[in-house]
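Tertiary structure, described
Residues per chain are reported as follows:
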Amino acid sequence: MAQKPSIPKGMRDFGPQEMAERNYIFDTIRQVYRSYGYSPIETPAQENLSTLLGKYGDEGDKLLFRILNSGDAFAGVDIASEDGASLTRKICEKGLRYDLTVPFARYVVQHQNEISFPFKRYQIQPVWRADRPQKGRYREFYQCDADVVGSRSQLSELELVQIVDEVFTRLGIRVAIKVNNRKVLTGLAEICGAPDKVVDITVAIDKLDKIGLDAVKAEMAARGLSSGSIAVVEDILALGGSTEDKIASMRSLMSGGSASGLSSETGLKGLDELEELFGYIGSAAIRQEVEIDLSLARGLNYYTGAIFEVKALDYAIGSICGGGRYDNLTGIFGLPDTSGVGISFGADRIYDVLKGLDKFPEGLASPAAVLLANMDASAVPYLVGVASDLRNAGISCEIYPDTGKLKKQFDYAQKKAIPFISINGSDEVSAGKVNVKNLSSGEQRLFDRGDIAGLRGFIGEN
């Protein structure tokens, strides 16, 4: 009995239609990245485990795909005397990359004498995580990252906001770009009188949209915060008004105006950075909604300044883009004090949004603009010449490979979403003509073979 074909759990095949739609997303993001001066790099799928381990926390380490050493990986290893961790270290020296950020940090340090700072790079590559597969969560998926390292200027944050604005405007998705600052969150814990509880506070308030204020307050209490500290947090979460109003109110609280009477220099510094950034945003004609969200708290142990999260306004799904500033990412590889800021677009979630909103352009999956019908073997040399002319003019086309009935060829064009068919018999061949039909409108025109401009105009107009 033949083996039933299958793929590992958490992995996916993508057919022509899906690939066309995914490439539409990737190409849009890539074009915008390049328009802002970001250069592409690639890093290998495999990294040394010493590069990856310890960078994502204990849970992250468990999700790394480890690769057995080549050859007899168990040669000379006394399996019976080894525990799982020590055995893994001896038989696995490499692993599949978990994200693009740590490999990027490794790249910057390894190639620091070859690149110019500030260094602006983008990467669109797959990553792997040994997670439990479920809806919307895969073991292999793409990340679309852009980072600037080697500058602390808030203009870099502005560029990332502009990139987000441009990408989603081109894709036709309305989004809310939410912005906060890690220093403000640190300041929040300090004016609550609980500087050691910054993680507890922000992990709780990050769930505000999902579980509501009462549940957030209950979680903070369960994490050991006093009722006074919780009251200060509640006052801050209740702040409304414009961006300027929120910053002014926060500045008053961070200066000692909260119920605790405590102040925070770190929080005030974060507010200065937010004020500067929103000043730039106000001058940049951003089309999408941008707002301060004081409950935003992504990546607490990772980010040190501005943090971003993007949510679709017309489709219920989690964040579809996020990022922030980090002050010492490359320090783990021996290059300290090299600040950077970056974002990552969630291609799979963006795909779901575009599908759900029916925003993909028509005809993406069509690999050719014109199908040259094959009805007469004697006309094939002529068709080959016409096909070469079209391709040289930048018009994609294909010749139906087998001489046969026209209905079968029409069906083929329809299934492949080829918008035009060219039907040429002995009359067209002898006259040096090319007959082209629009399969959608039914419009049909006859061109001289040399009238490439006319052909291109007819196909382009439709």
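In the block above lies the structure referred to throughout.
Below you will find a few notes about this structure. (Residues numbered from 1 in each chain as written. Predicted model: local features only at pLDDT ≥ 70, side-chain atom pairs only at ≥ 80, totals over all residues. Heavy atoms only, no water.)

**Topic: the pattern of salt bridges**
This model, assessed by the stated rule, comprises 30 salt bridges. Residue Lys311 is joined to Asp209 by a salt bridge in which the shortest nitrogen-to-oxygen separation is 3.6 Å. Residue Lys311 is found in strand β9 (residues 306-312), and its partner Asp209 is found in helix α9 (residues 208-211); the two are separated by 102 residues along the sequence. Relative accessible area serves as the criterion here: at 56%, Asp209 is assigned to the exposed category. Residue Arg223 is joined to Glu219 by a salt bridge in which the shortest nitrogen-to-oxygen separation is 3.1 Å. Overlapping salt bridges bring together Asp165, Glu166, Arg170 and Arg287 as one network. (Salt bridge = Lys/Arg side-chain N within 4 Å of Asp/Glu carboxyl O. Helix = DSSP H or I, 4+ residues; strand = E, 2+ residues; numbered from the N terminus. Buried < 20%, exposed > 50% of the residue type's maximum accessible area, 1.4 Å probe, protein only.)

**Focus: the environment of Gly323**
Take Gly323: it is sitting in strand β10 (residues 321-326). Judged by its relative accessible area of 1%, Gly323 is buried. When the C-alpha positions of Gly323 and Ser441 are compared, they lie 46 Å apart, and in sequence the two are 118 residues distant.

**Topic: the sheet that holds strand β4 (residues 92-96)**
Strand order across the open sheet formed by three strands is β2-β4-β3, with antiparallel pairing between neighbours. Looking at strand neighbours, the two that pair on one side only are β2 (46-48) and β3 (66-68), the edges of this open sheet. If you compare each strand with its neighbour and ignore which way they point, the axes differ by 45° on average. As paired elements, β3 and β4 share three bridges and run antiparallel to each other. Each bridged residue has a counterpart across the sheet, and for Leu68 the counterpart in β4 is Cys92. (Pairing = 2+ DSSP bridges. Axes fitted to C-alpha atoms, helices over the stretch in contact; angles between N-to-C directions.)

**With respect to the environment of Gly240**
Residue position: Gly240 is located in the loop between α11 (227-237) and α12 (243-254). For the pair Gly240 and Asn435, spaced 195 residues apart in sequence, the C-alpha separation works out to 65 Å. The contacts of Gly240, once residues within four sequence positions are left out, are Asp245 and Lys246. (Contact = heavy atoms within 4.5 Å.)

**Brief notes about the sheet that holds strand β15 (residues 433-438)**
In a beta sheet, neighbouring strands pair by backbone hydrogen bonds and run either parallel or antiparallel. With mixed pairing, the five strands of this open sheet are ordered in space as β13-β12-β14-β15-β16. The strands lining the two open edges of the sheet, one partner per strand, are β13 (397-399) and β16 (444-448). The sheet shows a mean angle of 25° between the axes of neighbouring strands, direction not considered. Pairing between strand β14 (residues 420-422) and β15: three bridges, direction antiparallel. Within β15, the residue paired with Ile421 across the bridge is Lys437.

**Here's the deal with the nonpolar core**
Ranked by size, the top nonpolar core spans 87 residues in total, and within it Phe168, Ile343 and Phe345 carry the most contacts. Apart from residues lying up to four places away in sequence, Phe168 is in contact with Ile173, Val175, Gln288, Val310, Ile320, Cys321, Phe345 and Ile350. Of all hydrophobic cores here, the second largest spans 18 residues; its members include Ala369, Leu372, Cys397 and Leu455. (Core = buried A, V, L, I, M, F, W, Y, C linked by side-chain atoms within 4.5 Å.)

**Details of the pairing of strand β8 (residues 289-292)**
Of the two faces of β8, only the one carrying Val290 and Ile292 is buried; Glu289 and Glu291 on the other face are not. Relative to β8, strand β7 (residues 175-181) is paired through four bridges, and the arrangement is parallel. Of the residues in β8, the one forming a bridge with Ala176 is Glu289.

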